[in-house]
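# Fold and contact review
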Amino acid sequence: MARARVGVLISGRGSNMVALAEAAEAADCPYEITLVASNDPDAEGLARARMLGIPTWARSHRGMEREGFDALVTTALEEAGVEYVALAGYMRMLSPAFVARWRDHMINIHPSLLPRHKGLHVYARAIEAGDSESGCTVHIVSEELDSGAILAQARVPILPGDTPEALAARILIEEHRLYPATLAEYVTR
Ligand code: GRF
């Protein structure tokens with residue numbers, strides 16, 4: 001059976017992208033990563049994608065209007081034959097047109113137990129709120145930030161004396177398990 005063609009959007013180190021790509025190396029994985037795209041040509045993850053032999057596309061969004069930039073991203077994804085988009089540390093607000101183009105074909109991973117702690121600085125906020133646990137969420141992307149239908153979550157405890165960095169590292173381990181498994185389920189749903 002043909003595997004679903006997935007484009008991964010990154011802005012930074014790309015560890016989730018690597019986890020998705022490594023899972024796709026299994027013969028029975030229902031998806032393949034056909035493009036890694038970034039709004040930052042210096043994103044560390046681009047070099048990691050190239051080392052894995054995955055085609056990359058990068059263009060700085062600076063000086064561009066949001067909708068125009070997103071249209072370039074869509075063109076790059078379409079030229080690579082992408083059917084599904086996985087956001088993995090993509091630090092850009094998306095235009096409504098981009099969300100509409102990829103509706104029900106675009107997912108994101110967020111390092112909190114949504115709907116708790118949308119947006120940024122989630123580790124410090126979870127600790128400061130006195131939460132006893134946090135985790136990560138894979139969800140469908142909708143117009144509103146971090147608010148689409150939840151597909152899967154993984155939980156980790158928040159320990160006494162936790163720092164944002166320690167909590168982030170504990171959650172990241174779970175992200176690398178949860179995202180490939182959830183993407184595989186999503187493309188075969
Ligand atoms: C991850 O914590 C992800 O949940 C969030 O941004 C971070 C990206 O890390 N959306 P990486 O680039 O995948 O290493």
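This report concerns the structure included in the present document. (Residues numbered from 1 in each chain as written. Predicted model: local features only at pLDDT ≥ 70, side-chain atom pairs only at ≥ 80, totals over all residues. Heavy atoms only, no water.)

Taken together, Arg13, Gly14, Ser15, Asn16, Gly89, Ile109, His110, Pro111, Tyr123 and Glu175 are the residues near the ligand. One of the backbone nitrogen or oxygen atoms of Ile109 is found 3.0 Å away from a nitrogen atom of the ligand. Here the ligand loses 87% of its free accessible area of 370 Å² to cover by the protein chains. Judged by its atoms lying within 2 Å of the grid points, the ligand is housed in the largest pocket. (Near = heavy atom within 4 Å. Polar contact = N/O pair within 3.5 Å; in protein donor to acceptor, adjacent residues only side chain to side chain. Areas by Shrake-Rupley, 256 points an atom, 1.4 Å probe, with all protein chains shown as cover. 1 Å grid on protein atoms, 1.4 Å probe; cavity = no way out; pocket = protein on both sides within 12 Å on 5 of 7 lines; lining within 4 Å. Sits in = over half its atoms within 2 Å of the grid points.)

Two numbers describe how helix H1 (residues 15-23) lies on helix H6 (residues 164-186): the axes approach to 9 Å, and their chain directions differ by 45°. When the interaxial angle is binned, H1 and H6 end up oblique. Helix-helix and strand crossings are classified by hand; for H1 and H6 the assignment is right-handed. Contacts between H1 and H6 involve Ser15, Asn16, Ala19, Leu20 and Ala23 on the former and, on the latter, Leu172, Glu175, His176, Tyr179, Pro180 and Leu183. (Axes fitted to C-alpha atoms, helices over the stretch in contact; angles between N-to-C directions. Helix = DSSP H or I, 4+ residues; strand = E, 2+ residues; numbered from the N terminus. Parallel < 35°, antiparallel > 145°, perpendicular 65-115°, else oblique. Left-handed = near helix turned anticlockwise from the far one by under 90°. Contact = heavy atoms within 4.5 Å.)

Side chains carrying opposite charge are able to pair once their charged atoms draw close together. All told, the structure shown has six salt bridges when counted by the stated rule. Across the salt bridge formed by Arg101 and Glu78, the nearest N and O atoms sit 2.8 Å from each other. Remark: Glu78 occurs in helix H3 (residues 66-79) and Arg101 occurs in helix H4 (residues 96-101); sequence separation between them is 23 residues. A residue is classified by how much of its surface remains accessible, and Arg101, at 38% relative accessible area, is partly exposed. A salt bridge links Glu143 to Arg103; the shortest N-O distance between them is 2.8 Å. With Glu143 in the loop between strand E6 (133-140) and strand E7 (150-157) and Arg103 in the loop between H4 and strand E5 (106-110), this pair connects stretches of sequence that are 40 residues apart. Glu143 sits in the partly exposed class, given a relative accessible area of 46%. (Salt bridge = Lys/Arg side-chain N within 4 Å of Asp/Glu carboxyl O. Buried < 20%, exposed > 50% of the residue type's maximum accessible area, 1.4 Å probe, protein only.)

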